[in-house]
Amino acid sequence: MPPNTAANHGLPVQLSTPGASSIKPMPSGVQGNREEWLPLPPARLLQLMKSLAMVYVVAYLITQRHQWKTMIRDKSKCDCILNGYTVGREEGQHNQLDCTPRQFDSQTAKTCLRNSKVLFIGDSRIRALQERLIVLLDPNPKRELSKRAAKPRKDPRHRNKTTIIADANVHVLLIWDTYIGKSWLAMLRYLKSNPLDGADLIVAGAALWTIRRDPSLEGLDHYKVYTKSVLRLASSLVRESDTNLVWVRQANVNESVPGPRRSNMTNARVRMFNAAVDSVWPRFRTPGMFMFDPGHVPLLRDGVHFTEDATDETVQAILNVHCNSQLPVTDRKTCCQGLLHSITAPQVVLLVIFVCSIVILFWGVCCRHRCSRSLFRSLSQTSIRDTGLKRNTSSPVVMICQCITLLGIVLLYTYLADRTPVFTKEEKHFNWTSFAVPLAILGILGFVTYQPVKDASVLNRQQTCETRGWMQLVLLVYHYTGGSKILGLYYVARLIVAMYIFLSAFGHYTYGLKRGASSWSRVAEVLFRLNLYTVLLCLTMDVPYLHYYFVPLISACYLLVLLVAAIPPVAWDQNKSPWMQVLKAICFTLVVALYRVQPDMFNWIISFPPLSQLFLDDDISLHEWTFRFGLDVLAVPSGILCAVMLHRFPQINGWICSRSIGNNLMTILSAVTLVVYCGMMATNCTSKPECNLVHTYLSPIMLGGFVLVRNTWEPLRKHYSQFFDWVGIYSLELFIAQYHVLLANDTRSLLVLVEGNPILNICIVTTIFVLVSHTVAECTQMVVNVMKGLATEND
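If you're wondering where the values come from, they're calculated on a predicted model, not measured in any experiment.

This part is about the overall build of the protein chain. Along the protein chain, the regular secondary structure elements total 32 helices and 12 strands. Pairs at least 24 apart in sequence give 78% of the contacts found in the protein chain among residues at least 6 apart. When the accessible area of the protein chain is evaluated, it comes to approximately 36,100 Å², of which 63% is carbon and sulfur surface.

Structure follows, in structure tokens:
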């Protein structure tokens, strides 16, 4: 069953249990009867869909077994790099990506190539790559030419060169040899027999001069014979050493460029020479050998050589192939990183726990069927209620192991989908059609499931849960389509996040006003529900806690609300004047507003371990936390103030629910204010820092306006959407899971399970994404109920 909506997401707590129903109630500790007001989707249908989704994923993994073999053999998977998808891309081009390339700067390249030798062998295209690598390593290198350099020719560029990057001790060598023949074989034999002089990375390729000077097919036959011998020798060299070889295939030429030296250079002949290499490459390919296909790259006016940008991108691709498996995993980009390379100690521990839970679960099932019922019954006598996963015929240990097993399956799928190239990734490209159509479909689903509410009060539980549901769907479409590139949509998303924090603060403070002080067990329960999935993802995906910024925000919101509620006069003291609660909320508003201006005055509180480790970003600083928390910092006191006004001033609640003329005018004014605000932010904002400041101080007014619009008009207040309500229950899990299950590469790319059919792919990926979120919510609730049941028995 789903988690406690009120405790988990900060919704107003339903104080009275609904009337009797033929449907079984929720687990112990969950207020209300969820299935009474939500008849869909049936539990059996969800279980069937989860089974079908698991079968589909397993079948997909089986069909990708050749990719598994390639990853295990080559320690990497670099299709999007080796196929040239990163070279010469135009804006709006939609390429299938297996991973996200790492962008190398001078320092990162030096870190990878330190104390290394890089050998370039070939013609002018290869020479251009060598020169651009030198520029990347050091824009102004002190070049030291080898004493054994070739004799000067007519063109000084046609000679061997050695460049040393002194501060990193990187030797970049160029062997100018435009014809694949005996000289190539002699050079490879020398490298094989003299390991100390060997290169760590070899970049090779040549055919242009053979194509240009020999119009007959004799040159092609000669090329085939010697290429076969060169690749055989190179394969032996790579196997016996730690050398990586990147063979650069011939790119197309521009046949329209005139000139006597270009008459034989046709794309048909280029394809013939490439086919000669392709025919022998699979036979001699070994781990550490890679073939780079630049494809149709932008060319200079001569019609042969790459543009400077294309050359730089090719160098970046080669560095991705060679370096990504050597650099620290903190970069978290998956291109060319080995399947086992990024395994960390916490991941190994989680894997061991996962395997042990499967063994214990299997043992428990066997005991239930084979051992004596009396012995097993003695382990099963607990007060834990049904959670929708298993009836209470299982021991607490077996139930916990069942949750761990399901969570382990979810985390394993998440890791494979995001951190490995088993699943294809796709770039995001925004257009208004792809953004508007899903929203229209979701809006129709929400409209057709509108039902009367059971409690027509302002910000009742069903209304707030519905609000969080449709807001979460808007955020999912916004992230999936890449809407963050549109500044106006960016501020709509910011307003939605602020509304979520507002509702969280409102719900938690409402609990304090009506239920009294929260026990330590409830505080631990709420924080556990909020953070379990996030902590597991942090350990599995090897990312900092602040990477999923939303969970730290609402966790901090909950703790701040507890702090404010406990400050005298306490929130649950009914004998004190309600104006004291208003004054306390106003003082809290001034304090958090000061944080927005001077965050360093407060950040010292979390600057000490272990709190500092939770709030540090990738740059080991508090900048990300300061930005995220300061952006919507006024939403917390706004939620507290709203809770006080609605629950301690009944006349305000009554005025909002009345049908007076002033009420109607307020509704119209609030709606106009919301539209004008969104329109102005969309059209007038040109700088995020300036408009972020505007958002921080004006968003509370917009949140209040939304509350009035949603509640002053009676038809809206007395109805809610079951569909949005159901989504709202799992909004936290949906928000977190989207990072890796709906999207990929930490939201930078899209996950692809069906290639070539975007509509079917969206349907399948979205279905699995929703089922994963539902499973996580069920498991979290089950673990909480088991712990509460055991604690009750111990008491």
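So that's the structure; there's more coming.
Taken together, Val437, Ile441, Ile444, Leu445, Phe447 and Val448 make up a surface patch of nonpolar side chains, about 610 Å² in accessible area. Tracing the chain through its elements places Val437 in helix 16 (residues 432–448).

The contact between helix 15 (residues 396–419) and helix 31 (residues 731–742) brings their axes to 8 Å, and the two run at 55 degrees. If you check the angle between helix 15 and helix 31, you find them oblique. Seen from helix 15, the contacting residues are Tyr413, Thr414, Ala417, Asp418 and Arg419; seen from helix 31, they are Tyr739, His740 and Val741. Taken together, the residues that form the contact of helix 15 with helix 31 break down as 4 nonpolar, 2 polar and 2 charged.

As a further point, take the environment of Phe354. Tracing the sequence through the fold places Phe354 in helix 13 (residues 345–370). By relative accessible area, Phe354 is classed as buried at 14%. Counting along the chain gives 54 residues from Phe354 to Gly408, while the straight-line C-alpha distance between them is 5.7 Å. Ignoring sequence-local partners within four residues, the contact set of Phe354 consists of Ile404, Thr405, Gly408 and Ile409.

With the rule as written, the count across this model stands at 14 salt bridges. Asp167 serves as the salt-bridge partner of Lys110, at 2.7 Å between the closest nitrogen and oxygen. Here the residue Lys110 occupies a position in helix 6 (residues 106–113), and Asp167 occupies one in the loop between strand 3 (161–165) and strand 4 (170–176), the gap between them amounting to 57 residues. A relative accessible area of 10% places Lys110 in the buried class. Looking at Asp167, the relative accessible area reads 49%, which means it is partly exposed. The closest approach of N and O atoms between Glu466 and Arg710, which form a salt bridge, is 2.7 Å. Pair noted here: Glu466 is in helix 17 (residues 461–480) and Arg710 is in helix 28 (residues 688–712), with a separation of 244 residues, a long-range link.

On to helix 20 (residues 550–566), then. Owing to its 3.6 residues per turn, the α-helix aligns residues three or four sequence positions apart on the same side. The terminal C-alpha atoms of helix 20 lie 24 Å apart, and with 17 residues this matches the ideal 24 Å at 1.5 Å per residue to within 8%. In terms of burial, helix 20 is a largely internal element, 12 of the 17 residues being buried. The set of residues buried in helix 20 consists of Phe550, Val551, Pro552, Leu553, Ile554, Ser555, Ala556, Cys557, Tyr558, Val561, Val564 and Ala565.

Here the focus is the nonpolar core. Generally speaking, soluble globular proteins have nonpolar side chains that are buried together. Residues Tyr413, Phe423, Leu459, Phe502, Tyr509, Tyr533 and Trp625 are the most contacted members of the largest nonpolar core, which totals 138 residues. For this core, the element with the highest residue contribution is helix 18 (residues 487–515), accounting for 18 residues.

Attention now goes to helix 15. Between the first and last C-alpha of helix 15 there are 33 Å, a value that for 24 residues agrees with the 34 Å anticipated at 1.5 Å per step. Burial analysis of helix 15 places 18 of its 24 residues in the buried class, the great majority of the element.

With that settled, consider the state of the cysteines. Under the defined criterion, the tally for this structure stands at 1 disulfide. Across the disulfide from Cys112 sits Cys323; the S-S distance is 1.9 Å. Judged by the sign of its S-S torsion, about -85 degrees, the bond between Cys112 and Cys323 is left-handed. Taken together, the residues Cys112 in helix 6 and Cys323 in helix 12 (residues 308–323) connect sequence positions 211 residues apart. Each member of the pair, Cys112 together with Cys323, is buried.

Turning our eyes to something else, we now look at the packing of aromatic side chains. A full pass over the atoms with the stated rule returns 21 aromatic pairs. Centre to centre, the rings of Phe430 and Trp432 are 5.1 Å apart; their planes meet at 80 degrees, and the pair counts as edge-to-face. Judged by its relative accessible area of 52%, Trp432 is exposed. Plain terms: the ring middles of Tyr490 and Tyr491 are 4.9 Å apart, the flat faces sit at 80 degrees to each other, and that makes the pair edge-to-face. Grouped by ring-pair contacts, the aromatic residues Tyr500, Tyr548, Tyr549, Phe550, Phe735 and Tyr739 constitute a single cluster. Sitting over the ring of Tyr490, Lys688 keeps its end group 4.1 Å from the ring centre.

This part is about the confidence of the model for the protein chain. A low pLDDT score tells you not to read the predicted coordinates there in detail. The share of residues in the protein chain with pLDDT of 70 or more is 80%, and the mean pLDDT across the chain is 80. Considering only residues more than four positions removed or in separate chains, one finds that residues 1–40, a stretch of pLDDT under 50, has 119 contacts. pLDDT under 50 marks residues 143–153. Its contacts with residues more than four places away, or in other chains, come to 14 contacts.

Let us look at the pairing of strand 7 (residues 289–292). Covered by surrounding structure in strand 7 are Met289 and Met291 together with Phe290 and Phe292, the residues of both alternating faces. One ladder, built from 4 bridges, connects strand 6 (residues 244–248) with strand 7; its direction is parallel. Along strand 7, the bridge assignment pairs Val248 with Phe292.

Adjacent strands of a sheet pair through backbone hydrogen bonds, lying either parallel or antiparallel. Strand order in this open sheet of 6 strands is 3-4-2-5-6-7, and the pairing throughout is mixed. Each edge of the open sheet is held by one strand with a lone partner, namely strand 3 and strand 7. Here the strands of the sheet are splayed against their neighbours by 15 degrees on average, with no regard to which way each runs. In this structure, strand 3 lies alongside strand 4, joined through 5 bridges in antiparallel fashion. Across the sheet, the residue bridging to Thr163 is Val172, located in strand 4.

Mapped onto the secondary structure, Ile652 falls in helix 26 (residues 650–657). Classification of Ile652 as partly exposed rests on a relative accessible area of 27%. Remark: the alpha-carbon pair of Ile652 and Val458, spanning 194 residues in sequence, is separated by 9.9 Å. Sequence-distant contacts of Ile652, defined by excluding residues within four places in its chain, comprise Met645 and Leu646.

This part covers the packing of helix 18 against helix 25 (residues 635–648). Two elements in contact, helix 18 and helix 25, have axes separated by 7 Å at closest approach and are oriented at 45 degrees. Between helix 18 and helix 25, the interaxial angle falls into the category oblique. Between helix 18 and helix 25 lies a crossing of right-handed hand. Only Ala635, Val636, Ser638, Gly639, Ile640, Cys642, Ala643, Val644, Leu646, His647 and Arg648 of helix 25 make contact with helix 18, whose side of the interface consists of Ala498, Ile501, Phe502, Ala505, Phe506, Tyr509, Thr510, Leu513 and Lys514. Of the residues in the contact of helix 18 with helix 25, the class split is 14 nonpolar, 4 polar and 2 charged.

As a further point, take unusual backbone geometry. Here the bond from Pro568 into Pro569 is cis, since omega is -5 degrees, no more than 30 degrees from zero. Position of Pro569 relative to the elements: it lies in the loop between helix 20 and helix 21 (578–597). Positive phi is not limited to glycine here, since Asn115 has a value of about 60 degrees. Relative to the assigned elements, Asn115 resides in the loop between helix 6 and strand 2 (117–122). Asn115 sits in the exposed class, given a relative accessible area of 54%. Even without a glycine there, the phi angle at Asp542 is positive, about 55 degrees. When you line up the elements, Asp542 lands in the loop between helix 19 (520–541) and helix 20. By relative accessible area, Asp542 is classed as partly exposed at 28%.

What counts and how
- Residue positions are given per chain, counting from 1 as you read along its sequence in written order.
- At least 70 in pLDDT is required for a residue's local features to be given in this predicted model, at least 80 for side-chain atom pairs to be given and counted, and no such filter applies to totals for whole chains, interfaces and linings, which use all residues.
- Just so you know, side-chain values use all the structure's heavy atoms and leave hydrogens and water out.
- The numbering of helices and of strands both runs from the N terminus, where a helix is a DSSP run of H or I of at least 4 residues and a strand a run of E of at least 2.
- The criterion used for residue contact is that any of the two residues' heavy atoms lie within 4.5 Å.
- To measure how exposed things are, a 1.4 Å probe is used in the Shrake-Rupley method; for residues, cover is taken only from the protein chains shown.
- What makes a patch is a set of residues exposed beyond 30% relative accessible area and free of salt bridges, joined within 9 Å when like-charged and within 5 Å when nonpolar (Val, Leu, Ile, Met, Phe, Trp, Tyr).
- Salt-bridge detection follows one rule: a side-chain nitrogen of Lys or Arg within 4 Å of a carboxyl oxygen of Asp or Glu.
- Where helices are involved, their axes are fitted lines through C-alpha atoms of the stretch in contact, as for all axes, and angles between N-to-C directions lie from 0 to 180°.
- The scheme is simple: roughly parallel for angles under 35 degrees, roughly antiparallel for over 145, roughly perpendicular for 65 to 115, oblique for anything else.
- Residues are sorted three ways: Asp, Glu, Lys and Arg are charged, Ala, Val, Leu, Ile, Met, Phe, Trp, Tyr, Cys and Pro are nonpolar, and all the rest, Gly among them, are polar.
- Summary of the burial criterion: residues with accessible area below 20% of their type's maximum are buried, those above 50% are exposed, and those between are partly exposed, where the area comes from a 1.4 Å probe applied to protein chains only.
- Working rule for helices: expected span equals 1.5 Å times residues minus one.
- As used in this record, nonpolar core signifies buried Ala, Val, Leu, Ile, Met, Phe, Trp, Tyr and Cys residues forming a set joined through side-chain atoms within 4.5 Å.
- Note that a disulfide, as used here, is simply two cysteine sulfur atoms within 2.5 Å.
- Aromatic rings from Phe, Tyr and Trp, with only the six-membered ring used for Trp, were paired whenever their centres fell within 6.5 Å, and each pair was classed as stacked if the ring planes differed by under 30 degrees, edge-to-face if by over 60, and tilted otherwise.
- Criterion for a charge above a ring: Lys NZ or Arg CZ within 6 Å of the ring centre, and within 35 degrees of the ring normal.
- pLDDT measures the predictor's confidence residue by residue and takes values from 0 up to 100.
- Criterion used throughout: strands pair if DSSP finds at least two bridges between them.
- Here a crossing is taken to be left-handed if its near helix is turned anticlockwise relative to the far helix by less than a right angle, and right-handed if that turn runs clockwise.

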